[in-house]
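A look at the structure
Read off the chains here:
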Amino acid sequence: MLRTRTLATLALIGGSLLGLAAPVQAQTRPNIVVMGEDADEDSVPRGNRIFQRVITELSETMNLRGYNVYDETAVAMGITQANRVRRRDAELIEVARAVQNPPLDVVAVFQVYASASKSAYSDIVRPEVRIPGRLLNVRTGQSLGAFEVAGLQLPPLPQGCDRECLLERVGAEAKSIAADVASALTAKLDGVIAPRRGADAGASPNPLPNALPGAEPPPAAVAGGESCGGLPTAYVVRLNGFSPQEVQAAEEYMAAFRCYEHHRPVRSGGASAEYWYETRSDSARLGRNLRLMLEHMSAPGQVQFSGNTFVVSRVATR
């Protein structure tokens, strides 16, 4: 009975539940923080002026490409020391995940290697700069792309170039190289969040299994082909206090949400279930859909969200 009601409800009110009746623009530009990994003793340490010019150029280039770029010190100074150096990537990822306001979606991690080498045949000294960068999904740890600029033949240093001269000359070259790295990384990120067609015209993007004969097709089928742009994001969705029939119904609802990618059961019990749920919707839309799901199931309950976890609890009543 519950299954029949669920499928009929999805067919008749799918537009409201799928977020198509009153669409809210999905987040298409993720929040980014640029962080430098300087654990390698051969890399340029955080605080060095070369490092600062690189991180500034990376942030500015991504900002001009339309991304929301946040300063690490500004958003994390309340939870970690702002002047730590020689940090490994594990620490950088933990800091990015710990920041709650604003929630960060992508961390751009880079390293700077700078040196100067003297020619074997003359007294000409050339600077050498290598900057590798990579993008990580903060919530899932998924690699979103990597790029490195190295091997460029840079202009030689002037004779008698002291430390001040070296820092300025190498810093200028590193800044130029950083712009190339940032352009490549943002191009990779553009490809990741590019709108994906929900379905071919006239076909439902999320067909419902065993749909009722003669049931009206959901508005999603009529509006087939609507694109879903945004960073593919994974959430943990936990269902607590539901009967096995309600868990099955909730799973069908979640698979019908707009911009749904796929899901996997992680744990299942008699009255609870846990899913790894991947979608191109942001957390606000997913939370709203989960609350609408409870309403359409006539199941009193609550939806809590923290980090990347949604907990949907059924409130038992007499």
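Coordinates for the structure precede this section.
Along each chain, numbering runs from 1 in the same order as the chain's sequence is written. Since the coordinates come from a predicted model, pLDDT governs what is reported: local features require at least 70, and pairs of side-chain atoms require 80 or more to be given and counted, while whole-chain, interface and lining totals use all residues. Derived side-chain values reflect all non-hydrogen atoms in the structure, with water molecules and hydrogen atoms excluded from consideration.

Examining the overall build of the protein chain
Secondary structure elements are defined from DSSP: runs of H or I of at least 4 residues count as helices, runs of E of at least 2 residues count as strands, and each element is numbered from the N terminus. Looking only at helices and strands, the protein chain features 8 helices and 13 strands. Residues are treated as being in contact if the distance between any of their heavy atoms lies within 4.5 Å. A fraction of 72% describes how many contacts in the protein chain between residues 6 or more apart in sequence connect residues 24 or more apart. Each accessible area value is a Shrake-Rupley result obtained with a 1.4 Å probe; residue values ignore everything except the protein chains displayed when judging cover. Approximately 15800 Å² of the protein chain is accessible, and the part contributed by carbon and sulfur atoms is 51%.

Comments concerning the pairing of strand E4 (residues 113-118)
On any regular strand, side chains alternate: one points to one face of the sheet, the next to the other face. When DSSP finds at least two bridges between two strands, those strands are taken to pair. In terms of strand pairing, E4 meets strand E5 (residues 125-137) through 6 bridges, oriented antiparallel. Its bridge partner being in E5, alanine 116 is matched across the sheet by proline 127.

Some points on the nonpolar core
Side-chain atoms within 4.5 Å link the members of a nonpolar core, which is a set of buried Ala, Val, Leu, Ile, Met, Phe, Trp, Tyr and Cys residues. Think of it in three bands: with a 1.4 Å probe and only protein chains considered, a residue is buried below 20% of the maximum accessible area for its type, exposed above 50%, and partly exposed in between. Formed by 32 residues in total, the largest nonpolar core has its most connected members in Val54, Leu58, Phe110, Ile131, Leu135 and Leu189. Within the residue set of this core, elements represented by two or more residues are strand E1 (31-36), helix H2 (49-64), strand E3 (106-110), E5, strand E6 (143-149) and helix H5 (163-192). For this core, the leading source of residues is H5, giving 10 residues. Those residues in contact with leucine 58 that sit more than four places away from it in its chain are Val34, Phe110, Ala178, Val181 and Ala182.

Points about the packing of H2 against H5
Relative orientation of the contacting elements H2 and H5 amounts to 25°, with a least axis distance of 8 Å. Considered as vectors, H2 and H5 are oriented roughly parallel to each other. Classified by chirality, the crossing of H5 by H2 is right-handed. Gly counts as polar in this scheme, as do all residues outside two lists: the nonpolar Ala, Val, Leu, Ile, Met, Phe, Trp, Tyr, Cys and Pro, and the charged Asp, Glu, Lys and Arg. Residues belonging to the contact of H2 with H5 are distributed by class as follows: 13 nonpolar, 4 polar and 6 charged. Axis definition: a line fit to C-alpha positions, over the contact stretch in the case of helices; interaxial angles, taken between N-to-C directions, run 0 to 180 degrees. For classification purposes, an angle smaller than 35 degrees is called roughly parallel, one larger than 145 roughly antiparallel, one from 65 to 115 roughly perpendicular, and anything else oblique. Crossing handedness is defined as follows: a turn of the near helix away from the far one that is anticlockwise and smaller than a right angle gives a left-handed crossing, while the clockwise case is right-handed.

A word on the sheet that holds strand E13 (residues 309-314)
Pairing between the strands of a sheet comes from backbone hydrogen bonds, and it takes one of two forms, parallel or antiparallel. If you walk across this open sheet you meet the 5 strands as E10-E11-E9-E13-E12, and the pairing is mixed. A strand with exactly one partner marks an edge of an open sheet, and here the two such strands are strand E10 (260-268) and strand E12 (301-306). Strand-to-strand, the axes of this sheet are offset by a mean angle of 20°, without reference to chain direction. By the bridge criterion, 5 bridges tie strand E9 (residues 233-240) to E13 in an arrangement that is parallel. Within E13, the position partnered with asparagine 240 by the bridge is serine 313. Sheet contacts for helix H7 (residues 244-256): E9, E10, strand E11 (272-279) and E13; angle to E11, the most-contacted strand, approximately 5°.

Some thoughts on the side chain of asparagine 308
By secondary structure assignment, the location of asparagine 308 is in the loop between E12 and E13. Using a relative accessible area of 18% as the deciding quantity, one classes asparagine 308 as buried. With sequence-adjacent residues up to four places away left out, asparagine 308 is seen in contact with Arg139, Ala234, Tyr235 and Val236.

Let's talk about unusual backbone geometry
Backbone geometry follows two general trends: most residues other than glycine have a negative phi, and most peptide bonds adopt the trans configuration. Looking along the chain, the bond that leaves asparagine 101 and enters proline 102 is cis, with omega of 0°. Examined against the element boundaries, proline 102 turns out to sit in the loop between helix H4 (89-98) and E3. Non-glycine residue arginine 86 carries a positive phi angle of around 55°. Within the fold, arginine 86 resides in the loop between helix H3 (72-76) and H4. On the basis of relative accessibility, which here comes to 25%, the residue arginine 86 falls in the partly exposed class. You will see that cysteine 259, though not glycine, has its phi angle at about 70°, which is positive.

Remarks on the state of the cysteines
Only a pair of cysteine sulfur atoms within 2.5 Å counts as a disulfide in this structure description. Taken as a whole and judged by the stated rule, the model has 2 disulfides. The side chain of cysteine 161 participates in a disulfide bridge whose partner is cysteine 165; the two sulfur atoms lie 2.0 Å from each other. Since a negative S-S torsion denotes a left-handed disulfide, the cysteine 161-cysteine 165 link at about -105° is left-handed. Across the disulfide from cysteine 228 sits cysteine 259; the S-S distance is 2.3 Å. Between cysteine 228 and cysteine 259, the S-S dihedral sits near -90°, and the bridge is therefore left-handed. Note that cysteine 228 is positioned in strand E8 (residues 227-228) and cysteine 259 in the loop between H7 and E10, a separation of 31 residues in sequence.

Considerations on the environment of histidine 262
Tracing the chain through its elements places histidine 262 in strand E10. With 17 residues separating them along the chain, histidine 262 and threonine 279 place their C-alpha atoms 7.0 Å apart. Every residue in contact with histidine 262, bar those within four places of it in the chain, is listed here: Trp276, Tyr277 and Glu278.

Here's the deal with the pairing of E3
Here E3 lies mainly inside the structure; 5 of its 5 residues are buried. Burial of the side chains of E3 extends over both faces: Val106, Ala108 and Phe110 are buried on one face and Val107 and Val109 on the other. Looking at chain direction, E1 and E3 are connected through 5 bridges and run parallel. Bridge pairing in E3 places glycine 36 opposite phenylalanine 110. Sheet topology places E3 next to E5; 5 bridges connect them, and they run antiparallel. Across the sheet, residue valine 106 finds its bridge partner in E5, namely asparagine 137.

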